[in-house]
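The residues making up each chain are set out below.
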Amino acid sequence: MTTINHLSSIHTTTTPPSSSIRFLSIPQNTPTISFKSLFKPPPPLSSTSSKPLFYNTTTTKPRSLIISSALKAITETEPVSIPLNPEDIAVKLPSGSGVYAVYDKNDELQFVGISRNIAASLSTHVKSVPDLCGSVKLKSGSAATDIGRFGENPVGIIDVPDKAALTEAWKSWMEEHIKATGKVPPGNETGNTTWVRQAPKKKGDLRLTPGRHVQLTVPLEELIDKLVKENKVVAFIKGSRNAPLCGFSQRVIGILESQGVSYESVDVLDEEYNNGLRETLKNYSSWPTFPQIFVDGELIGGCDILTSMYEKGELSSLFKK
């Protein structure tokens, strides 16, 4: 078999013979959420905002100030108990972005955090510091409401958050606590590594081809087959793992990250380096939609199936096989 050696600077299709196929991994420099000081709050979820088509000539408050002023104070927010089983957290708590405050079993505030996925973050905390996770308060106000799942007065997450809005929400709770107690929550103190660790650099997304203008010497379907059979977990998603381009792909990445499983990701929308992948993968898997998740070379399904298995606690045993 002829090797496809996917280097970043390919100018010819001539390749040396080999028995393996390499896939190009794209290095990603992902900003880490950290809380090094009150005056340098962490960078929360970055979001893409679009400008309105028409502008009102009246002066309006910045979105961050509107959200911050609409949110409840930390002392007015009702706590929600944190399940002892991390996999039960996804059932009880929201998986969206927001600001949260974790209290220990003596109702002492331990940590105020910002997260892209609140449920996933709390699941990680419960695994690492279970004795410090008794209950949690979530920023409510401009909330994403899911009555069927979280009740008529659900714990809230900030709707369509941007960096400024999340930062203002985080600062308001931090400042309120410091004013009342005269100290920073233990988990937010400078140098603390109990709650916030330097995350390892994330893997990049794989590219199946060196470029759309380079003629492949191996059929794309064969590349897919080799990829899913040589890796434990492969997720074909819309967008990258660091910037999913649909809610279903974001949900899948959040679940895989919360499980701590090593996985490969491939962007099916990348027409430059994965040209033709969407249609070829549909034929290969006999599955019409994306994302698609493979484990040990077998198709597990899409977002709905993975979410159901996650909420039933079935993923741990699947990934350990």
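Residues numbered from 1 in each chain as written. Predicted model: local features only at pLDDT ≥ 70, side-chain atom pairs only at ≥ 80, totals over all residues. Heavy atoms only, no water.

## Let's talk about the overall build of the protein
- Helix and strand content of the protein: 10 helices and 10 strands.
- Per-residue burial over the protein gives 45% buried out of 321 residues.
- Of the contacts formed within the protein by residues at least 6 apart in sequence, a portion of 68% connects residues at least 24 apart. (Helix = DSSP H or I, 4+ residues; strand = E, 2+ residues; numbered from the N terminus. Buried < 20%, exposed > 50% of the residue type's maximum accessible area, 1.4 Å probe, protein only. Contact = heavy atoms within 4.5 Å.)

## Re the side chain of D205
- Examined against the element boundaries, D205 turns out to sit in the loop between α5 (163-181) and β6 (206-207).
- Here D205 sits buried without a salt bridge, and the closest side chain of opposite charge, R241, lies 4.1 Å off (N-O distance). (Lys, Arg positive; Asp, Glu negative; His and termini not counted. Salt bridge = Lys/Arg side-chain N within 4 Å of Asp/Glu carboxyl O.)

## A few points about the confidence of the model for the protein
- Summarising the model, the protein shows a mean pLDDT of 76, and 69% of its residues fall at 70 or more.
- pLDDT under 50 marks residues 30-70. Its contacts with residues more than four places away, or in other chains, come to 64 contacts.
- pLDDT under 50 marks residues 140-160. Its contacts with residues more than four places away, or in other chains, come to 43 contacts. (pLDDT = per-residue confidence, 0-100.)

## Section: the packing of helix α6 (residues 220-230) against helix α8 (residues 277-285)
- Two elements in contact, α6 and α8, have axes separated by 10 Å at closest approach and are oriented at 65°. In this view, α6 runs roughly perpendicular relative to α8, as classed from their interaxial angle. At the point where α6 passes α8, the crossing takes the right-handed sense. Of α8, the residues touching α6 (which contributes L220, E221, I224, D225, V228 and K229) are L277, T280, L281 and Y284. (Axes fitted to C-alpha atoms, helices over the stretch in contact; angles between N-to-C directions. Parallel < 35°, antiparallel > 145°, perpendicular 65-115°, else oblique. Left-handed = near helix turned anticlockwise from the far one by under 90°.)

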